[in-house]
Amino acid sequence: MSAPARISASILAADFARLGDQIQLVEESGCDEIHFDVMDGHFVPAISFGVVVLESIRDLTSLPIDVHMMVTEPGRFAVQFADAGADIFTVHAEACSDLSATVADIVEGGMRPGISINPSTETSAVNRYTASVDRFLVMSVEPGFGGQSLMPEVLPKIEELRSAARHSGSEIEIAVDGGVKVENSAAVLSAGADTLISGTGIFNYPDGMAAAVRQIKSL
Ligand code: DX5
Ligand code: ZN
């Protein structure tokens, strides 16, 4: 049997009036990581939150925090987010004019680098990075908003990235982000993902987040 799925809670779906309690709920529900969506109103249409919010939650949790930068030229902010306590810093291939230099900046800042691709971006744009980053993040919705439906047509990209990784001897993590719910988790995992990023799917699960996490981890 393979290891249980790693679950990363996207706090974009949290109630920000009581963010501290929501972080505690994420921990108590058995999530493995916090997913922190940064949007700049340029790479994506919406604006979300940034470094000051990360600073205020950092001391509330020992879970790793993955900062998902939906931001044009995200390398500009690597030092600030590293100083605020980001563990993983995931950038979009489409947003970087020099992706290799951006990855180098992330490593230099002491964070684990991740690369994300939009639904329309082919894996050939990033598979040469299998040995130099810790995570690929496959977007299963157009980035910019929570609560959209997963696009099943992106799932074959996971296996393509997995096989590129095998080829280079890398044990990279492959995460899927967007529309992941209890009901479609089995399909996402059997496509080869090991990390499921979920916002509304776990925050709004009718039986509560802990039940959602338990069900996904039992798959
Ligand atoms: C979308 C974000 C996602 C989003 C996921 O642009 O990158 O992380 O919060 O939310 P759900 O799980 O509700 O689709
Ligand atoms: Zn995200």
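Criteria and thresholds
Residues numbered from 1 in each chain as written. Chains lettered and ligands numbered in written order. Predicted model: local features only at pLDDT ≥ 70, side-chain atom pairs only at ≥ 80, totals over all residues. Heavy atoms only, no water. Helix = DSSP H or I, 4+ residues; strand = E, 2+ residues; numbered from the N terminus. Rg over C-alpha atoms; globule rule 2.2 N^0.38 Å. Buried < 20%, exposed > 50% of the residue type's maximum accessible area, 1.4 Å probe, protein only. Contact = heavy atoms within 4.5 Å. Core = buried A, V, L, I, M, F, W, Y, C linked by side-chain atoms within 4.5 Å. 1 Å grid on protein atoms, 1.4 Å probe; cavity = no way out; pocket = protein on both sides within 12 Å on 5 of 7 lines; lining within 4 Å. Points joined across faces, edges and corners; volume = space filled by probe spheres on them. Nonpolar A, V, L, I, M, F, W, Y, C, P; charged D, E, K, R; others polar. Pairing = 2+ DSSP bridges. Right-handed = clockwise from strand over helix to strand, strands pointing away. Donors = N, O, S within 2.8 Å, 3.2 Å for Na, K, Ca; no water. Tetrahedral: all angles 85-135°; square planar, octahedral: opposite > 155°, others 65-115°. Phe/Tyr/Trp six-rings, centres within 6.5 Å; stacked < 30°, edge-to-face > 60°.

(A) Focus on the overall build of the protein chain. When helices and strands are counted, the protein chain shows eight helices and eight strands. Over its C-alpha atoms the protein chain spans a radius of gyration of 16 Å, differing by no more than 12% from the 17 Å that the globule rule assigns to 219 residues. In terms of principal-axis extent, the alpha carbons of the protein chain reach across some 45 × 40 × 30 Å. Counting only residues that meet the buried cut, the protein chain has 55% of its 219 residues in that class. Taking contacts inside the protein chain between residues at least 6 apart in sequence as the whole, the part at least 24 apart equals 62%.

(B) Structural view of the nonpolar core. Grouped together as the largest cluster of nonpolar side chains are 66 residues, with contacts concentrated most on Ile-11, Phe-36, Val-67 and Phe-81. No other element matches the five residues that helix α8 (residues 209–217) contributes to this core. Excluding residues within four positions of it along the chain, Ile-11 makes contact with Phe-16, Leu-19, Ile-23, Ile-34, His-35, Phe-36, Phe-49, Ile-57 and Phe-203. In terms of nonpolar packing, the next biggest core, distinct from the first, is built from five residues, Leu-137, Met-139, Ala-175 and Ile-197 among them.

(C) Inspection of the layout of surface pockets at higher detail. Considered as a void within the structure, the largest pocket measures approximately 200 Å³ in volume. Considering the residues around the largest pocket, the lining is formed by Ser-2, Ala-3, Pro-4, Ala-5, Arg-162, Leu-189, Gly-192, Ala-193, Asp-194 and Leu-219. Here the residues of the lining of the largest pocket sort into six nonpolar, two polar and two charged.

(D) Main features of the pairing of strand β6 (residues 135–139). Most of β6 is tucked away: five of the five residues are buried. Every second residue of β6 is oriented toward a common face, with Arg-135, Leu-137 and Met-139 on one face and Phe-136 and Val-138 on the other, all of them buried. Judged from the four bridges that link them, strand β5 (residues 112–117) and β6 form a sheet pairing that is parallel. When the bridges of β6 are listed, Ile-115 appears paired with Phe-136. Across five bridges, the pairing between β6 and strand β7 (residues 173–177) is parallel. In the sheet register, Val-138 faces β7, and the bridge partner there is Val-176. The parallel pair β6 and β7, bridged by helix α5 (residues 156–167), forms a crossover whose chirality is right-handed.

(E) Geometry of empty space enclosed by the protein. Scanning all chains against the criterion turns up one cavity of 30 Å³ or more. Of the volumes computed, that of the largest cavity is approximately 240 Å³. What lines the largest cavity is a set of 27 residues, and nearest its centre among them are Phe-145, Gly-146, Gly-147, Asp-177 and Gly-178. Every element with two or more residues in the lining of the largest cavity is listed here: β2 (33–39), β3 (65–70), β8 (195–198) and α7 (200–203). With three residues, the top contributor of residues to the lining of the largest cavity is β2. Looking at the lining of the largest cavity residue by residue, the classes come out as ten nonpolar, 13 polar and four charged.

(F) Representation of the coordination of the zinc ion (ligand 2) within the structure. Around the zinc ion (ligand 2), the protein contributes the donor atoms His-35 (NE2), Asp-37 (OD), His-68 (ND1) and Asp-177 (OD), which lie 2.1 to 2.2 Å from the metal centre. Of note is the zinc ion (ligand 2), whose six donor atoms meet at the metal with angles of 72 to 174° in an arrangement that counts as octahedral.

(G) Molecular detail of the packing of aromatic side chains. All told, the structure shown has three aromatic pairs when counted by the stated rule. Ring geometry for Phe-36 versus Phe-49: centroids 4.7 Å apart, planes at 65°, classification edge-to-face. With Phe-36 in strand β2 and Phe-49 in the loop between β2 and α2 (51–58), the pair connects residues that are 13 residues apart, well separated along the chain. When its relative accessible area of 0% is taken as the criterion, Phe-36 is described as buried. Look at Phe-49 and you get buried, because its relative accessible area is 12%. By the ring-pair criterion, three or more aromatic residues cluster together here, those being Phe-16, Phe-36 and Phe-49.

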